[in-house]
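For reference, the chains in residue letters:
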Amino acid sequence: MNYDYLTNVRPENMERITTPALADAFIEEQVAALRAQIGSGKVLLALSGGVDSSVVAALLIKAVGDQLTCVHVNHGLLRKGEPEQVIEVFRNQMKANLVYVDAVDRFLDKLAGVADPEEKRHIIGAEFIRVFEEEAKKLEGISFLGQGTIYPDILESKVGVKAHHNVGGLPEGLNFELVEPVKLLYKDEVRVVGKALGLPDSMVYRQPFPGPGLGVRCVGAITRDRLEAVRESDAILREEFAKHGLDEKVWQYFTVVPDFKTTGIKDGKRTYDWPVVIRAINTVDAVTAQPAELNFAFVQKLVARITAEVPHVNRVLWDVTPKPSATIEWE
Ligand code: XMP
C-alpha cells in the first residue's frame, strides 16, 4: 500500500480494505506513521463513540498509548447507553486517558425554548466547540489534534455538498497539528479496520447518527421529558430490530417525538400525551431514500412495547414517506 497523506488524494492504486489481513497491514503501517508524526508529543481527540472517532482512538492508543487524551462530551443528546459504552470500551478495556465531560445541563439549558431547527443545530455545534476548547485549555503540552475525517468528508467538502466539521475546521485559538489516520478510507474500510482493532460490533456497525443527535428528533423546542421519550423509544426500536435481524437489513431506523399531544386511553382513563413516530429507511447514499417494508406484525409489536413502556406516549405513527419529498430526519 502506498498512501499519500500530504495531498488528501487517495491514490488510484490503493487497494480497498476488505479483509482482516488488509486491515492488519493498514494498522501496522498507520501505527508506524503515527509514531513518526507524533514522536513524544501529546494528542487530543474528541471521542463521540461513533465509528470514525472510535477507530482513530483505537489506532492512537495502539501507536502512542498514554500520550493520547480522549475527551467525550455528553451533550445529553446521545442514544441510551452510548456514554457508558465509551467509558467501558476506552477507559476500562483499552486503558485510555479519557476525560468524560457531563455537559448535559449546559446544552439543555442553552436549548431551552429554541424551536427553530437551524438555530438548534447552531447552538449544539457552537457549544460543543466551546466545551471542547475549555477541556483542551485545562491540559498541558498538547500539540496534536486527532480527527476522524474519512475520505467522503474530503470529497464532499471539495465539491461543496457540505462544509464538514472535520475538514478545515479547527476550533479557533487552538494551534494544533492534525492527525487524521483514516482520512483516505471509505466508511466500509473504517469498519473493517475497527473490527480488526477489536472494537465491539455495536460500535463498528453503528448506523449513521446526526451530529446534533437526538436533538433533531425531539422536534421543536427540546424538553427533558420529551427527550427521554425519544431516547427510550429509540432504545426499544434498536432492541427489536436487532432481535429480528433487521439491524443488518435496514440502513437507518429511529424514532421521532413531535411537540404536540393527542387524546388516548390508559387503564380506562383519558390521557393527553405525545405520539412516537417510527422512521425506518433504506438508501445507498442518503441523497434519496425509501421507507423499509417492515412486517406489519412487527410494527404492531413496536407499537405495543412503545405505548406500554415509554412514559407520556399514547400513540405510534409510522412514517413511510420517501426522500424526497421528506428528508430522512424530521429536522
Ligand atoms: P437528511 O435528514 O438530510 O439526512 O435526509 C441524511 C443523512 O444525514 C444524517 N444527518 C446528519 N448527519 N449531522 C450529521 O452528521 C447532521 O446535522 C445531520 N443531519 C442529518 C441523517 O441521519 C441521514 O443519515
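(A) Quick peek at the overall build of the protein. Within the protein, the secondary structure is distributed over 10 helices and 10 strands. In terms of overall dimensions, the protein is globule-like: its C-alpha atoms have a radius of gyration of 21 Å, near the 20 Å expected for 331 residues. Along the first, second and third principal axes, the C-alpha set of the protein runs to 70 × 40 × 40 Å. Burial analysis of the protein (331 residues in total) assigns 34% to the buried set. Partitioning the contacts of the protein with sequence separation of at least 6, the portion at a separation of at least 24 is 73%.

(B) Here's a closer look at the sheet that holds strand β2 (residues 68-74). Taken in spatial order, the five strands make up an open sheet running β3-β2-β1-β4-β5, and their pairing is parallel. Taken across any chain shown, the strands that pair with only one partner, and hence form the sheet edges, are β3 (97-102) and β5 (177-179). Between one strand axis and the next, the sheet turns by 30° as a mean value, whatever way the strands run. Sheet topology note: the strand β1 (residues 42-46)/β2 ladder contains four bridges and is parallel. For Leu-45, the partnering residue across the bridge sits in β2 and is Cys-70.

(C) View of the domain arrangement of the protein. Once the domains are mapped, the protein shows domain 1 (20-204) and domain 2 (213-319). Using C-alpha coordinates to define each centre, domain 1 is positioned 28 Å away from domain 2. Listed as interface residues are 13 residues of domain 1 and, on the opposing side, 12 residues of domain 2. Top contributing element to the side of domain 1 that touches domain 2 by residue count: helix α5 (residues 117-138), with three residues. In the side of domain 1 that touches domain 2, the residues fall into eight nonpolar, two polar and three charged.

(D) Highlighting the nonpolar core. Counting residues in hydrophobic clusters, the biggest one holds 75 residues, and the most contacted among them are Leu-45, Ala-57 and Leu-60. No other element matches helix α2 (residues 51-64), which puts 10 residues into this core. The residue makeup of this core includes at least three contributed by each of domain 1 (20-204) and domain 2 (213-319). When residues no more than four places from it in sequence are discounted, the contact partners of Leu-60 are Leu-34, Val-43, Leu-45, Leu-68 and Gly-146.

(E) Up close: the pairing of β2. In terms of burial, β2 is a largely internal element, seven of the seven residues being buried. What you see with β2 is no split at all: Leu-68, Cys-70, His-72 and Asn-74 on one side and Thr-69, Val-71 and Val-73 on the other are buried throughout. The parallel pair β1 and β2 is bridged by α2, and the resulting crossover is right-handed. Of the pairings in the sheet, the one linking β2 to β3 comprises six bridges and is parallel in character. From the neighbouring strand, Thr-69 faces β3, where its bridge partner is Asn-97. The β-α-β motif built from β2, the intervening helix α3 (residues 82-93) and the parallel element β3 has right-handed crossover chirality.

(F) The arrangement of the packing of helix α1 (residues 20-38) against helix α7 (residues 187-196) in detail. Packing of α1 against α7 brings their axes to within 9 Å, and their N-to-C directions diverge by 85°. When the axes of α1 and α7 are compared, the pair comes out roughly perpendicular. Two secondary-structure elements touch here, α1 through Pro-20, Ala-23, Asp-24, Phe-26 and Ile-27 and α7 through Val-192, Val-193 and Ala-196. Considered class by class, the residues forming the contact of α1 with α7 number seven nonpolar, no polar and one charged.

(G) Expanded view of the environment of Asp-247. As for its placement among the helices and strands, Asp-247 is situated in the loop between α9 (224-243) and β6 (252-256). Judged by the 18 C-beta atoms lying within 10 Å of it, Asp-247 is partly exposed. Sequence-wise, Asp-247 and Arg-206 are 41 residues apart; in three dimensions their C-alpha atoms are separated by 9.2 Å.

(H) Molecular detail of α5. With 22 residues, α5 ought to run about 32 Å at 1.5 Å a step, and its terminal C-alpha atoms sit 32 Å apart, in line with that. Of all the positions in α5, only Lys-120, Ile-124 and Phe-128 are classed as buried. Down the axis of α5, the buried set is contained in an arc of 70°. They therefore lie on one face. Turned more than 90 degrees off the buried face of α5, the exposed positions are Glu-118, Glu-119, Ala-126, Glu-134 and Lys-137.

(I) Structural detail: the environment of Leu-111. One can find Leu-111 in helix α4 (residues 104-111). The sequence separation of Leu-111 and Ile-123 amounts to 12 residues, and the corresponding C-alpha distance is 7.1 Å. Contacts of Leu-111, omitting those with residues within four sequence positions, involve Lys-120, Ile-123, Gly-215 and Ile-222.

(J) Inspection of unusual backbone geometry at higher detail. Residue Pro-324 is reached from Lys-323 by a cis peptide bond, and omega for that bond is -15°. With respect to the helices, strands and loops of the structure, Pro-324 is situated in the segment after β10 (313-319). Although it is not a glycine, Asp-267 adopts a positive phi angle of roughly 50°. With respect to the helices, strands and loops of the structure, Asp-267 is situated in the loop between β7 (262-266) and β8 (269-282). The backbone phi angle of Ala-286 is positive, close to 70°, even though this residue is not glycine. Within the secondary structure, Ala-286 sits in the loop between β8 and β9 (290-291).

Calculation rules
Residues numbered from 1 in each chain as written. Predicted model: local features only at pLDDT ≥ 70, side-chain atom pairs only at ≥ 80, totals over all residues. Helix = DSSP H or I, 4+ residues; strand = E, 2+ residues; numbered from the N terminus. Rg over C-alpha atoms; globule rule 2.2 N^0.38 Å. Buried ≥ 20, exposed ≤ 12 C-beta atoms within 10 Å, placed from the backbone. Contact = placed C-beta atoms within 7 Å. Pairing = 2+ DSSP bridges. Axes fitted to C-alpha atoms, helices over the stretch in contact; angles between N-to-C directions. Domains from an automatic or database assignment. Nonpolar A, V, L, I, M, F, W, Y, C, P; charged D, E, K, R; others polar. Core = buried A, V, L, I, M, F, W, Y, C linked by C-beta atoms within 7 Å. Right-handed = clockwise from strand over helix to strand, strands pointing away. Parallel < 35°, antiparallel > 145°, perpendicular 65-115°, else oblique. Expected span 1.5 Å × (residues − 1). Arc of directions from axis to C-beta.

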